[in-house]
Number of protein chains: 2
Amino acid sequence: MKHTIQALVENKFGVLARIASLFSARGYNIDSLAVGETQDPTISCMTIVVDAPDERILEQIKKQLHKLIDVITVVDFTRRDYIDKELFLVKVEKKKKGKKTLDKLIKKHPVKVIEEAKSYYILEIYADRHNIDEILRELEKIGIQELVRTGRIAINK
Amino acid sequence: MKHTIQALVENKFGVLARIASLFSARGYNIDSLAVGETQDPTISCMTIVVDAPDERILEQIKKQLHKLIDVITVVDFTRRDYIDKELFLVKVEKKKKGKKTLDKLIKKHPVKVIEEAKSYYILEIYADRHNIDEILRELEKIGIQELVRTGRIAINK
């Protein structure tokens, strides 16, 4: 099961490396990670998405996160009421064949063409956990040349 | 000077920790980091924003990144023609006083109210390197309760 975990941490060098090591030492791969400053520049917010086949191990990781001196709070959004979002920049092939799929995608989802070149479009896409798989499937039909994702962020309601 | 660096890496556990250590070992703090899967699930894309007062040290870090076995490519966008974006989720105070500033912000920038509660709004904001400082200043006037950022991502034109 995928878990979305958020930690407020001191904005110091070394903190990211320590947290990343905590996960990798247990053989846990991080699906996505987004780290940025908060309104207080001395504090950063990390949003981590991790696939946890064994919930007990995840509980241990969360406990260890809590114990790190530079970690202020840890929240697991899994059973909460939250809003999540992710941003994509995607370069797709500009072909006659894919045009219909692209038009349909733009109509149905928050997808915008922000650059049109001779052989490609660059799209800006905003997805959440409910529509992301569908969007990725449609993009594949069009032909992805480059795909850059921010990773998920989340906020409590 | 702020640098936006992007690395394609093998999607394996331990890679993130190794890369984070590379920066922290040189005393470099990462301003923001966004990591997500690419169209190939075995490859992840990391976008790192770092403030580099000494460009020679940054050159060394980039060279060391290149040498890591799990790193496929490293690009420094600094002197390139690129598009960058960042996504914010922000909880702001719902007060009469801030309403005008909020309305102005929504009119001028890609800012959307996605949730309205009794005491707060949740906003979804898309910023780039050109408008981000202005948006943050206006948000502060309104009153930030919570601010979650994805960190910047970028794509070559």
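Residues numbered from 1 in each chain as written. Chains lettered and ligands numbered in written order. Predicted model: local features only at pLDDT ≥ 70, side-chain atom pairs only at ≥ 80, totals over all residues. Heavy atoms only, no water.

### Focus on the sheet that holds strand 2 (residues 30–37) of chain A
Pairing within the open sheet is antiparallel, and its eight strands lie in the order 4(A)-1(A)-3(A)-2(A)-2(B)-3(B)-1(B)-4(B). Edge positions in the open sheet fall to strand 4 (71–76) of chain A together with strand 4 (71–76) of chain B, since each of these has one partner strand only. For this sheet, the mean inter-axis angle between neighbouring strands, taken without regard to orientation, is 15°. Contacts from helix 2 (residues 55–67) of chain A reach strand 1 (2–10), strand 3 (43–51) and strand 4 of chain A within the one sheet, and its direction differs from that of strand 4 of chain A by about 155°. Taken strand by strand, helix 1 (residues 15–25) of chain B contacts strand 2 of chain A together with strand 1 (2–10), strand 2 (30–37), strand 3 (43–51) and strand 4 of chain B, and its axis lies near 20° from that of strand 3 of chain B. (Pairing = 2+ DSSP bridges. Helix = DSSP H or I, 4+ residues; strand = E, 2+ residues; numbered from the N terminus. Axes fitted to C-alpha atoms, helices over the stretch in contact; angles between N-to-C directions. Contact = heavy atoms within 4.5 Å.)

### What about the packing of helix 1 of chain B against helix 2 (residues 55–67) of chain B?
All names here are of chain B. The contact between helix 1 and helix 2 brings their axes to 10 Å, and the two run at 160°. Judged by the angle between their axes, helix 1 and helix 2 are roughly antiparallel. Note on packing geometry: the crossing formed by helix 1 with helix 2 is right-handed. Together, Ile 19, Leu 22 and Phe 23 of helix 1 and Ile 61, Gln 64 and Leu 65 of helix 2 make up the contact between the two elements. Of the residues that constitute the contact of helix 1 with helix 2, the class distribution is five nonpolar, one polar and no charged. (Parallel < 35°, antiparallel > 145°, perpendicular 65-115°, else oblique. Left-handed = near helix turned anticlockwise from the far one by under 90°. Nonpolar A, V, L, I, M, F, W, Y, C, P; charged D, E, K, R; others polar.)

### Remarks on the pattern of salt bridges
Here the structure, examined in full by the defined rule, presents 40 salt bridges over all chains. Of the charged contacts, one joins Lys157(B) and Glu115(A) as a salt bridge, the two residues approaching to 3.8 Å between their closest N and O atoms. Taken together, the residues span two chains, with Lys157(B) in the segment after strand 9 (153–156) and Glu115(A) in strand 6 (residues 111–116). Ionic contacts of the salt-bridge type, sharing partners, join the residues Lys12(A), Arg18(A) and Asp70(A) into one network. (Salt bridge = Lys/Arg side-chain N within 4 Å of Asp/Glu carboxyl O.)

### Description of the interface of chain A and chain B
On the chain B side, the residues contacting the 53 residues of chain A number 53 residues. Between Lys85(B) and Glu124(A) there is a salt bridge, and its shortest N-O distance comes to 3.0 Å. Summed over the shared surface of chain A and chain B, the number is ten residue pairs in polar contact (both at pLDDT 80 or more). Listed by contribution, the elements that provide at least two residues to the side of chain A that touches chain B are helix 1 (15–25), strand 2, strand 3, strand 5 (82–93), strand 6, strand 7 (120–127), strand 8 (144–149) and strand 9 (153–156) of chain A. (Polar contact = N/O pair within 3.5 Å; in protein donor to acceptor, adjacent residues only side chain to side chain.)

### Looking at the pairing of strand 3 of chain A
Residue and element names in this part refer to chain A. For strand 3, the tally of buried residues reaches eight of nine residues, placing the bulk of the element in the interior. Where strand 1 and strand 3 come together, nine bridges link them in antiparallel fashion. By the bridge assignment for strand 3, His 3 is matched with Val 50. Bridging between strand 2 and strand 3 involves seven bridges; their strand directions are antiparallel. Counterpart to Ile 30 in the pairing with strand 3 is Val 50. Between strand 2 and strand 3, which pair antiparallel in sequence order, lie five residues. (Buried < 20%, exposed > 50% of the residue type's maximum accessible area, 1.4 Å probe, protein only.)

### Comments concerning the packing of aromatic side chains
Here a ring pair, both rings aromatic, is described through the centre-centre distance and the interplanar angle of the planes. The tally for this structure, following the rule as stated, stands at three aromatic pairs over all chains. Both rings, one in Phe77(B) and one in Tyr82(B), keep their centres 5.2 Å apart while their planes meet at 35°; by these two values the pair is tilted. In terms of burial, Phe77(B) and Tyr82(B) fall into one category: buried. Stacked on the ring of Tyr120(A), the Lys or Arg Lys91(A) has its end atom at 4.7 Å from the ring centre. Over the aromatic face of Tyr121(B) sits the side chain of Lys94(B), whose NZ or CZ is 5.6 Å from the ring centroid. (Phe/Tyr/Trp six-rings, centres within 6.5 Å; stacked < 30°, edge-to-face > 60°. Lys NZ or Arg CZ within 6 Å of the ring centre and 35° of its normal.)

### Re the side chain of Thr38(B)
Along the polypeptide, Thr38(B) turns up in the loop between strand 2 and strand 3. Assessed through its relative accessible area of 9%, Thr38(B) is described here as buried. Of the polar contacts made by the side chain of Thr38(B), one reaches the backbone oxygen of Asp40(B); its length is 3.0 Å. Among the polar contacts made by the side chain of Thr38(B), one reaches the main-chain carbonyl oxygen of Ile43(B) at a distance of 2.9 Å. Leaving out residues up to four positions away in the same chain, Thr38(B) has contacts with Leu147(A), Leu8(B), Ile43(B), Ser44(B) and Cys45(B).

### Some remarks on the domain arrangement of chain A
Residue and element names in this part refer to chain A. Per the domain assignment, the segments of chain A are domain 1 (2–76) and domain 2 (84–156). Each of domain 1 and domain 2 was reduced to a C-alpha centroid, and the two centroids are 28 Å apart. With both sides pooled, the region where domain 1 packs onto domain 2 buries about 500 Å², and carbon together with sulfur makes up 52% of that total. Its largest share of buried area at the contact with domain 2, domain 1 owes to Thr 4, Ala 34 and Thr 47, together 50% of the area lost on that side. Where domain 1 meets domain 2, there are zero salt bridges. Our enumeration of links across domain 1 and domain 2 arrives at two residue pairs in polar contact (both at pLDDT 80 or more). Going through the elements one at a time, strand 1, strand 2 and strand 3 are the ones with two or more residues in the side of domain 1 that touches domain 2. In terms of residues, the side of domain 1 that touches domain 2 owes the most to one element, strand 2, which gives three residues. Broken down by class, the residue content of the side of domain 1 that touches domain 2 amounts to three nonpolar, four polar and no charged. (Domains from an automatic or database assignment. Buried area = accessible area lost by both parts, 1.4 Å probe.)

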